[in-house]
Protein chains: 2
Amino acid sequence: MKSVYFFGEGNAEGSAKDKNLLGGKGANLAEMTTLGIPVPPGFTITTQVCTEYLQSSNYSPSLDAEVVSALHSVESIMGQKFGDADNPLLVSVRSGARKSMPGMMETVLNIGLTSATIPGLIAKSGDERFVYDAYRRLITMYADVVMEKAAGIDPEPGKGIREKLENHFDSVKEKEDVTADTDLSAKALKILCENFKKIVAENLGKSFPDDAGEQLWGSINAVFSSWNGKRAVHYRNIEKIPHDWGTAVNVQAMVFGNMGANCATGVAFTRNPANGENAFYGEWLPNAQGEDVVAGLRTPNPLNENSRSDEASTLSTLDGTMPEIYKELLQIRTRLENHYKDMQDIEFTIQHGRLWMLQTRTGKRNGPAAVRMAVEMVENHLIDEETALLRVSPDQLDEIMHPALDVEIEKQTPVLTKGLPAGPGGAFGQIVFSADEAESWYKEGRTVILVRNETSPEDVHGMFASAAILTARGGMTSHAALVARGWGKCCIVGCSELNISVSDKSLSVNGTTLKEGDWLTLNGSNGNIYSGQIPLKAVDLNTNNWFQQLMVMADGKRKLGIRTNADSPQDAQQARDFGAEGIGLCRTEHMFFEPDRIMAMREMIVAHNEKERRQAVIKLLPHQQNDFYGILKAMSPHPVTIRLLDPPLHEFLPQDEEQIKELAESLNITLDALKSRIENLHESNPMLGHRGCRLGISFPEITEMQAEAIFNAAATLIQEGVKPHPEIMIPLVGTVSEFTHQKSIVDAIAKKVQKSTHIEIPYLVGTMIELPRACMTADHIGKAAQFFSFGTNDLTQTTYGFSRDDIGSFLPHYLQGNILASDPFQSIDVEGVGRLVKLGVEKGRSANPELKIGICGEHGGDPASIQFFKHAGLDYVSCSPFRVPIARLAAAQAELN
Amino acid sequence: MKSVYFFGEGNAEGSAKDKNLLGGKGANLAEMTTLGIPVPPGFTITTQVCTEYLQSSNYSPSLDAEVVSALHSVESIMGQKFGDADNPLLVSVRSGARKSMPGMMETVLNIGLTSATIPGLIAKSGDERFVYDAYRRLITMYADVVMEKAAGIDPEPGKGIREKLENHFDSVKEKEDVTADTDLSAKALKILCENFKKIVAENLGKSFPDDAGEQLWGSINAVFSSWNGKRAVHYRNIEKIPHDWGTAVNVQAMVFGNMGANCATGVAFTRNPANGENAFYGEWLPNAQGEDVVAGLRTPNPLNENSRSDEASTLSTLDGTMPEIYKELLQIRTRLENHYKDMQDIEFTIQHGRLWMLQTRTGKRNGPAAVRMAVEMVENHLIDEETALLRVSPDQLDEIMHPALDVEIEKQTPVLTKGLPAGPGGAFGQIVFSADEAESWYKEGRTVILVRNETSPEDVHGMFASAAILTARGGMTSHAALVARGWGKCCIVGCSELNISVSDKSLSVNGTTLKEGDWLTLNGSNGNIYSGQIPLKAVDLNTNNWFQQLMVMADGKRKLGIRTNADSPQDAQQARDFGAEGIGLCRTEHMFFEPDRIMAMREMIVAHNEKERRQAVIKLLPHQQNDFYGILKAMSPHPVTIRLLDPPLHEFLPQDEEQIKELAESLNITLDALKSRIENLHESNPMLGHRGCRLGISFPEITEMQAEAIFNAAATLIQEGVKPHPEIMIPLVGTVSEFTHQKSIVDAIAKKVQKSTHIEIPYLVGTMIELPRACMTADHIGKAAQFFSFGTNDLTQTTYGFSRDDIGSFLPHYLQGNILASDPFQSIDVEGVGRLVKLGVEKGRSANPELKIGICGEHGGDPASIQFFKHAGLDYVSCSPFRVPIARLAAAQAELN
């Protein structure tokens, strides 16, 4: 089995198709090389070598020869020799997994600098300062990435070898009275390097290796090992990347952007990743190494005018500074987009006026950008509609549904300060100054904004827990910006006016001081920052043409119907605007909580007999009728699935003494009598108690009232020329006889209303399938019912025996221990709950081929679940109004997959 | 379709095989007629006519002609004519369903007496008093059974037409100064009949019909209609008799046991129904109609010396009084038993020295009698073993397991009074004087004894609710005795010393007065009654040879293994004595409730971290080890299935302030801190919460401790030469990864103990299948597990979404409304839960053909469920020790069915 793949000077052994084997970076370096794009020569060691190495801690005996041979090819292209005293080749060793995991694994640069090769390189480059600067970088990286890890040392935060070296560096700069690294003399750097080696030997009990080969293999081992590093594992858990993929290692000839004024380094996107505009967009730093851009320590220059931010108002563009190079880059941009047919994220280095491409990969983008790019690429005939639909992830669509700040209020609010708008949308929250704090506040249910000078991969858990992220440093490609954009999270970076004191847990900006817990509002779309809270407002998607066009494409492909869960005419209208084709779940109980109704509801619940109960129930009729009138009208002529009363009665009972007293007075009974009645209604497991159709069976008068309200409302609407389509849903049915009991009540009331109004009302009676028993006996229930709607929330609860309210005590242990891959309430458990759903569909349709089948649990808005429901043969999914567009897209994708 | 089946003088159109069509009584009258046994001629109108009549309120046009034709045949045999003035035929109209429903439907006797036929009958019989006595009985029955019901009157208790007529009867007797009915003169009876007819017309707005044909059809209609009478429906619900069977109607020539001294009536059993002895047993009344015996108003005479009770010590036997008739009856007894091959319950009437058989049916018997008869009939080669096994119902076996009074204590307790031992076993309870009272006290959780002068079908619900029944009147075949025996309930009847005042709710006996709520103890096996409570003791089945022989027969036929659910060495031993072949469920949590352990348990629960938790857990180790030592030893060499900790933790927490304080002190934390910790552990739905293997996954140290205790105990036993077979069961598994997580802990501890002790311990690790998801993914779980044990309690809860603790609020409505046929926690729901069990078995075995599968829920002791489990392919059932013999029998029956 071949383990090493060479690329260089127009020839490559791999290609973009070999991502699984060569990782994304390696495959694309090969591909670019073949395309004739200038790429420093190098080779890729496969992911398979990684997997084997991590299992056995050994390489196959043939690997060494393969590496040597590939290295020779590099040497011959570069006219240099690795470890050679006269004309030494330096190489970089970089990770590269199948899927990009930015900053999660290790990199070592400048490998090959030893006491033997340094003089040769100084002679060749004529730049002693540059060589010792490269050497100190190598020592720092190698000590941190290779040696400390290999020694098994897991230092406390801030006390690692890297920090020790950097502290020494800072003290030298102070002693030499310089501020920028570049101001240190060659001599000072030379001494610094000697001191670095001493510090390394003292702290890690081993000397920094003075052998090029040892440096190379140490770096390769370290990169492979970093696949199982803590932060990489954590990132893969969040991103659901399989842990057995492994990473490839890319060994590549070094090119230097930091060898003088005609050198530079930069990153760019072939289109704007923040808004999707079809314009070249990027940042560069003159006389710098690539890591300087990504680390966000210096505010980078804009690539062109189009890329200029307020931050960089005075900095020169590459376009202006090196117009020829910029032109070459622009050509490469076009070639890459036409080749890959997607927006590319590229890294380049300019060494002595020569352009080298170090990386191309599909660029991450936020939601609005993803939608715009997909639609515009179809318009430009770059891709077809299917590709466009598959290219926008449902999460990205979710992102553009995210609320933005209320513009009117924002206008009137003074801007506290400004930063780079790295993640769009608005957010407010209480500020915290550490990732741990962010996570623990989040767990307490608070909305937090993480404020940092800059973020690092160690902060990922806290970033995840935050509503938004704000950093004082870094650009649009800094760690914070990349991570936040990936998650569609509101983010502002490079807000240089911020003075953050982590130890005091406070920040000061323009004379204002904010402490931990103070509120801040971020506009991630324009970079404005406000003190306090500004209310959020949904974006008006009607004005977003790209969104609208994508939805039209989706509707053209999907076969699954999309309904919404809505309990009010307002929600119904909102959902229609988003494209809902009916209501899949209208929960009638929400209507009972309004102040003018709750008292009648309570009277009904504590009634001792049918007569008292009827007296109370009848008070609810006009309210319910009014509710149904509004909702049936708002959705007409689409169907509205109305679920009859479902929750356990105690949910409606007053909890505090005051309300109990009030109810007792209104009922004209003693406080004690009422309390004992409430006590009586207590249930050990209300989820499995007196609820759902069990209520309607015990108290048929409730079902009668609700049916009457529905049919009266429908009759009135028909008289007014509106076309209502009520579909009455009996909840929590476990046996067909429960269903027929309730259906016969509904049918009788329908008959009565139709007879007295002389109006024929079209309606269906169906049931929610939300108990395992309903699935197992769906053949019986299907014979009697006109539709099924899977209630996968309750079905998940009963199938797993998990109470959603109580799962918090053990679910974290389950997710951590990989006992569950994900929360089954978020994405349907295909293997267990899914098998029951399939069984229910099969049995139901076997009894009644005309049976209409939908799903109205939370899973109805989850893309992975929608894929499953399509596969299971459902007719429609129903989800919350704001998930409707996502469901439309996911349904189209389900057809295309 | 033929609707009327004639029988008479050795010829019958039906036979015993036609029970479904002719009802039990009709089919047996036909069979007896064909056997040449003297049966008054008559005919049976089929159950099918009943079903049609109840649906359409009409008969098919041909029915009338069929009835007339059959009536002619009867007339020609009897030499009488129905409605004829000179020589009138009188007939009875009786119900007769497929299955006997004693006293639940209507009967009308003496039909055909009219102003036209009375003179003729007086002339023929020469007994005017007899004729008017028959007439007043006809009027009473007809007014009550036919006219009042037809008028749609539902009188308050005690205010019906029957009571009005009886009150008038009593007032006439008082006026005439006579006590016995028979002392009234013909003249007085004649006037009485005229008054009766006036009272009927006044109260029911219609005259008593003076036409024989109208009387006949009115009675036929009334009997058919009585199938849907309230008490008949109630009885069928309890006895699970389908409501669509309908009843047949038997019209039969009247014979009279009340025409003088050479007349009599009686009922008898071919063997003793109370103890099973192979001896003719019965009661008779000279000069009486059959209803007098059944009503229990007079203490009946013994049939023979063998049937004599203390009550009847001076009454003459039929054997002594009419030896020739007795001899004929004895021959019929033998013929019937040889023919039917089962004990028969017969009714006879002697009219002027001639014996007529009115009924034969398979006799009801109590448990001990059923077992003895079945075994003795095999010994006598009357039936084979299979028949014997199928003839004893599991309920009857249950009955003989019922506790009896503690003999030693009973000996020392003075007898309050004595009655007829109508239902064996002992019972104590608080006395109540009405059926409604009995039911409502029972619902409050009290143990009651219903005390009545006599019982009637209206009392059935109260009898059902009572631990025992005591009546002042009636014999062994009275209503109370029949019903109680059918249910295997403790019952004493004919306790004539009791003076009951229903209005005062008190009874006085031998100078003692007892009020409602006072305690009474009954010995239903000898008829002794005691004031207060005498403790109960299990019967020693070892001395019951018939029981032992039946069990040997059962073990010879069954293939299903029988284990027991036991948590202590005592229970284990008890179950072994009953024949258990292992423990299917040993609940370890019960062990934690003992005072010396609960504190350590609580410390463990409120621990904040693993270290604290380990400190507490380790205190439990020696206790658990000791427990397992005892139980593994008691069951050796049979397997013991030990379930790891299962219940939600809050079950172990202190509830009252005092105990919380104590715990806080022992933990050295503040009361508030402990309270908030307890508050934290509260769950909305603990049944679906942090329990089962979720505990062991969150807190592996618990699993470790339990496994260590098991293996240490097993190792010690092996050293002592005992053969322990622990089977460790992981509870509440929903995913295979939960199982493998816990199994790997158990296996690791096993390895450790085996290594340190150098002893090889045989053990299995399996899981409880008690969640729908476990059934749906049993193929995955089956691959990893060595055994499955279905936990059908929890599986029923989650499949139905029913909390067993909360079902009380709606289950009654479900049972009443026929939405559920039975409580699914008592007998397994084959259609829903059963399908999941089958799926689990199939999937489990498909992955692992060697998988051992059992069931350890409450259903393991339920005969109908055992039948299902056998069918589903399980290897064993496990039930509580006292259900083991029942399970052995039910398992044998499952093979034979």
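Nothing here was measured: the structure is a model prediction, and the numbers come from that model.

Draft legend 1. Just the overall build of chain A, in detail. Within chain A, the secondary structure is distributed over 35 helices and 34 strands. A compact globule built from 897 residues would reach a C-alpha radius of gyration of about 29 Å, and chain A, at 33 Å, matches this within 12%. Across its three principal axes, chain A shows a C-alpha extent of roughly 105 × 55 × 50 Å. Looking at the 897 residues of chain A, the share that counts as buried comes to 58%. Restricting the contact set of chain A to residue pairs at least 6 apart, pairs at least 24 apart contribute 69%. Of the accessible surface of chain A, which amounts to about 34,700 Å², a share of 48% is contributed by carbon and sulfur atoms. In chain A, the 86 positive side-chain charges and the 114 negative ones have mean positions that sit 3 Å from each other.

Draft legend 2. A look at the sheet that holds strand E19 (residues 468-471) of chain B. Residues and elements named next belong to chain B. Spatially, E15-E25-E24-E17-E18-E19-E20-E16 is the arrangement adopted by the eight strands of the open sheet, whose pairing is mixed. Either end of the sheet is taken by a strand with one partner, and the two such strands are strand E15 (417-418) and strand E16 (420-423). Where strand E17 (residues 426-432) and strand E18 (residues 448-452) come together, three bridges link them in parallel fashion. Its bridge partner lying in E18, Ile431 is registered against Ile449.

Draft legend 3. How the structure looks around the packing of aromatic side chains. Residue and element names in this part refer to chain B. In total, this model carries 32 aromatic pairs over all chains according to the counting rule given. Measuring from ring centre to ring centre gives 6.1 Å for Tyr59 and Phe224, while their planes differ by 50°; the resulting arrangement is tilted. Remark: Phe224 occurs in helix H8 (residues 212-226) and Tyr59 occurs in the loop between helix H2 (47-56) and helix H3 (63-78); sequence separation between them is 165 residues. Looking at Lys173, its charged tip hangs above the ring of Phe169, at a distance of 4.8 Å from the centre.

Draft legend 4. Here's a closer look at the interface of chain B and chain A. Contact with chain B, which involves 45 residues of that partner, is made by 45 residues of chain A. Both faces considered, chain B and chain A share a buried interface measuring about 4,000 Å² in area, 56% of it formed by carbon and sulfur atoms. Looking only at chain B, the three residues that lose the most surface to chain A are Leu688, Arg773 and Arg835 of chain B, adding up to 17% of its buried area. Tallied by class, residues from the side of chain B that touches chain A come to 16 nonpolar, 18 polar and 11 charged.

Draft legend 5. Just the relation of the copies chain B and chain A, in detail. Expressed as a screw transformation, the operator carrying chain B onto chain A has a rotation angle of 179° and an axial translation of 0.2 Å, and the superposed copies differ by an RMSD of 0.3 Å. Here the two chains are linked by the operation of a two-fold rotation axis. Distance from the rotation axis, computed per C-alpha, reaches its smallest value in chain B at Asn685 of chain B: 2.0 Å. Comparing interface residues between copies, 100% of those in chain B also lie at the interface in chain A; the contact surface is shared.

Draft legend 6. Helix H12 (residues 323-340) of chain B, seen in detail. All names here are of chain B. Taking 1.5 Å of rise per residue, 18 residues should cover 26 Å, and H12 covers 25 Å from first to last C-alpha, within 8% of that figure. Taken residue by residue, H12 has Ile325, Tyr326, Leu329, Ile332, Arg333, Leu336, Glu337 and Tyr340 as its buried positions. Around the axis of H12, the buried residues are gathered within 130° of arc, so they sit on the same side. Exposed positions of H12 whose direction lies more than 90 degrees from the buried face are Glu324 and Gln331. The secondary structure elements touched by the buried residues of H12 are helix H1 (19-34), helix H11 (318-321), strand E12 (344-351), strand E13 (354-362) and helix H13 (367-379). One or two steps after H12, the chain reaches Lys341, where phi turns positive at roughly 55°.

Draft legend 7. Inspection of the nonpolar core at higher detail. Ranked by size, the top nonpolar core spans 262 residues in total, and within it Phe790 of chain A together with Leu397, Phe711 and Phe790 of chain B carry the most contacts. Non-local contacts of Phe790 of chain B, meaning those with residues more than four positions away in its chain, are made with Ile769, Cys775, Leu795, Val837, Gly840, Val841, Ile853, Gly854, Ile855, Cys856, Gly857 and Leu874 of chain B. Counting 74 residues, the second-largest nonpolar core is a separate cluster that includes Val4, Met101, Met141 and Leu189 of chain B.

Draft legend 8. Here's a closer look at the sheet that holds strand E23 (residues 512-515) of chain A. All names here are of chain A. Strand order across the open sheet formed by three strands is E21-E22-E23, with antiparallel pairing between neighbours. Either end of the sheet is taken by a strand with one partner, and the two such strands are strand E21 (499-501) and E23. Each strand of the sheet is rotated relative to its neighbour by a mean of 15°, with strand direction disregarded.

The rules behind the values
One numbering rule holds for all chains: residues counted from 1, following each sequence as written. Naming scheme: in the order in which they are written, chains are lettered from A and ligands are numbered from 1. Whole-chain, interface and lining totals are the exception, using all residues; otherwise, since this is a predicted model, local features are given only for residues with pLDDT of at least 70 and side-chain atom pairs are given and counted only at 80 or more. Side-chain metrics in this entry use all non-hydrogen atoms of the structure; hydrogen atoms and water are not considered. What counts as a helix is a DSSP run of H or I of at least four residues, what counts as a strand is a run of E of at least two, and both are numbered from the N terminus. Only the C-alpha atoms count toward the radius of gyration. The rule for a globule is 2.2 Å times the residue count to the power 0.38. Under the scheme applied here, a residue whose accessible area is under 20% of the maximum for its type counts as buried, over 50% as exposed, and between as partly exposed, the area being computed with a 1.4 Å probe on protein chains only. Between two residues, a contact is recorded if the distance between any of their heavy atoms is within 4.5 Å. Here, Shrake-Rupley sampling with a 1.4 Å probe gives the accessible areas, and only protein chains in the shown set may cover a residue. For the purpose of charge, His is not counted, nor are the chain termini; Lys and Arg are scored as positive and Asp and Glu as negative. Charge coordinates come from a single atom per side chain, which is NZ of Lys, CZ of Arg, CG of Asp or CD of Glu. Two strands pair if DSSP finds at least two bridges between them. Pairing of aromatic side chains here covers Phe, Tyr and the six-membered ring of Trp, requires ring centres within 6.5 Å, and sorts the geometry by plane angle: under 30 degrees stacked, over 60 edge-to-face, intermediate tilted. We count a charge as sitting over a ring when the NZ of a lysine or the CZ of an arginine lies within 6 Å of the ring centre and within 35 degrees of the ring normal. By convention, the term buried area covers the 1.4 Å-probe accessible surface removed from two parts as they join, with the contributions of both added. Three residue categories are used. Nonpolar comprises Ala, Val, Leu, Ile, Met, Phe, Trp, Tyr, Cys and Pro, charged comprises Asp, Glu, Lys and Arg, and polar comprises the others, including Gly. Superposing the copies works by least squares over the C-alpha atoms of residues that have pLDDT at least 70 in both of them. Expected helix span is computed as 1.5 Å times (number of residues minus one). This arc is built from the directions going out from the helix axis to the C-beta atoms. For the purposes of this section, nonpolar cores are sets of buried Ala, Val, Leu, Ile, Met, Phe, Trp, Tyr and Cys residues that join through side-chain atoms within 4.5 Å. Interaxial angles span 0 to 180 degrees and are taken between N-to-C directions of axes, which are lines fitted to C-alpha atoms, for helices over the stretch in contact.

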